[in-house]
Amino acid sequence: MTMKGGTLRAAAVLLALSLSAGCADSPPEQSASPVASHSPKGALSPRASQEASNEASGGASPSWSAPGLGEWTREDLLPGRVVPREELDRLFPVWDKPEPPATLTQPTEQGARDAAVYFTDVFEYVHASRDIAALNAIDQEFCLSCADIREQLARPRRRWGDHSPGQARAVHDTPELDNVFQVEVVGDPVEFVLLGAEADTIAVHRHSAADSMFIVVSYEEGRWVPVALERDEW
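Owing to the predicted nature of the structure, the values given are computational and were not obtained by experimental measurement.

A. Summary view of the overall build of the chain. Each helix and strand counted, the chain has six helices and eight strands in total. For the chain, the proportion of its 234 residues judged to be buried stands at 44%. For the chain, long-range pairs separated by at least 24 residues make up 62% of all intrachain contacts whose partners lie at least 6 apart in sequence. As displayed, the chain has an accessible area near 12300 Å², and 52% of this comes from carbon and sulfur atoms.

The following block contains the structure:
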């Protein structure tokens with residue numbers, strides 16, 4: 001690791017410190033809303049509401065039987081049900097791979113903003129697609145979080161969901177380090193499914209709260225690179 005790599009490790013420490021300091025200033029997060037239908041407002045249909053109540057109390061719905069392949073809907077994705085993974089792939093298709101912004105090579109605050117959004121979109125895409133090549137393309141040996149992401153990708157996939165492109169809400173420079181910025185990237189709430197410990201059994205199906213993640217980016221060798229990322233488990 002080069003001397004600059006040591007500096008970037010310091011940037012990751014600064015990120016952790018700033019996160020702990022910033023929590024007190026952050027507004028309280030809205031609770032996520034459970035869903036069992038794919039309506040615009042995520043409202044439960046009367047049938048799905050009754051089934052959700054039955055299954056939450058440990059009772060099976062008398063009117064529901066598992067659909068065949070290609071026939072599942074998002075309304076069928078209630079906690080406790082065993083769902084084929086190919087149905088989740090169909091109901092939550094992977095989006096297109098993000099394209100790097102034109103400002104990726106510009107040593108400006110706007111370049112840092114755009115790079116942070118791009119990198120977080122790539123991380124989201126990689127977890128959905130399992131496209132390790134997309135991660136390798138942005139890992140320029142400075143990425144302290146990429147090893148953890150690779151470790152997560154080696155585990156069976158547990159989360160399927162929609163994608164909301166992020167937006168940079170706050171940017172903080174680090175006076176102690178040149179051309180290093182911490183950026184908060186926020187995405188809109190999305191519908192997602194999380195499988196539990198039992199194979200292919202749905203643990204959670206809901207709309208997330210607004211997704212907020214923090215990323216440190218640094219301008220190295222003519223372009224912005226990711227250094228460290230802080231967010232909940234993918």
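B. Main features of the state of the cysteines. Here the structure, examined in full by the defined rule, presents one disulfide. Put simply, Cys143 and Cys146 are joined by a disulfide, and their sulfur atoms are 2.2 Å apart. Here Cys143 and Cys146 share a disulfide; its torsion about the S-S bond, 90 degrees, makes the bridge right-handed. Across the pair, exposure class does not vary: Cys143 and Cys146 are buried alike.

C. Unusual backbone geometry, seen in detail. One non-glycine residue, Arg130, adopts positive backbone phi at about 60 degrees. Unusually for a residue other than glycine, Asn179 sits at a positive phi of about 55 degrees. On the secondary structure map, Asn179 appears in the loop between strand S3 (167–173) and strand S4 (180–187). Relative accessible area serves as the criterion here: at 37%, Asn179 is assigned to the partly exposed category.

D. Spatial organisation of the side chain of Ser218. Examined against the element boundaries, Ser218 turns out to sit in strand S7 (residues 211–220). Side chain to side chain, Ser218 and Glu220 meet in a polar contact 2.6 Å long.

E. Up close: helix H4 (residues 109–129). Over its 21 residues, H4 runs 30 Å from end to end, which matches the ideal 30 Å to within 8%, given 1.5 Å per residue. Within H4, 16 of the 21 residues are buried, leaving the element largely enclosed by the surrounding structure.

F. Inspection of the nonpolar core at higher detail. In terms of nonpolar packing, the biggest core is built from 30 residues, with Phe119, Phe123, Ile215, Val217 and Trp224 touching the most fellow members. Mapped onto this core, the elements with two or more residues apiece are H4, helix H5 (132–138), helix H6 (146–153), S4, S7 and strand S8 (223–230). No other element matches H4, which puts eleven residues into this core. Dropping the residues within four chain positions of it, Phe119 is found in contact with Leu104, Ile138, Ile215, Val217, Arg223, Trp224, Val225 and Pro226. Trp64, Val83, Val193 and Leu195 belong to the second largest nonpolar core, which has eleven residues in total.

Procedures and definitions
- Residues numbered from 1 in each chain as written.
- Predicted model: local features only at pLDDT ≥ 70, side-chain atom pairs only at ≥ 80, totals over all residues.
- Heavy atoms only, no water.
- Helix = DSSP H or I, 4+ residues; strand = E, 2+ residues; numbered from the N terminus.
- Buried < 20%, exposed > 50% of the residue type's maximum accessible area, 1.4 Å probe, protein only.
- Contact = heavy atoms within 4.5 Å.
- Areas by Shrake-Rupley, 256 points an atom, 1.4 Å probe, with all protein chains shown as cover.
- Disulfide = S-S within 2.5 Å.
- Polar contact = N/O pair within 3.5 Å; in protein donor to acceptor, adjacent residues only side chain to side chain.
- Expected span 1.5 Å × (residues − 1).
- Core = buried A, V, L, I, M, F, W, Y, C linked by side-chain atoms within 4.5 Å.

That's the geometry; what it means functionally is another story.
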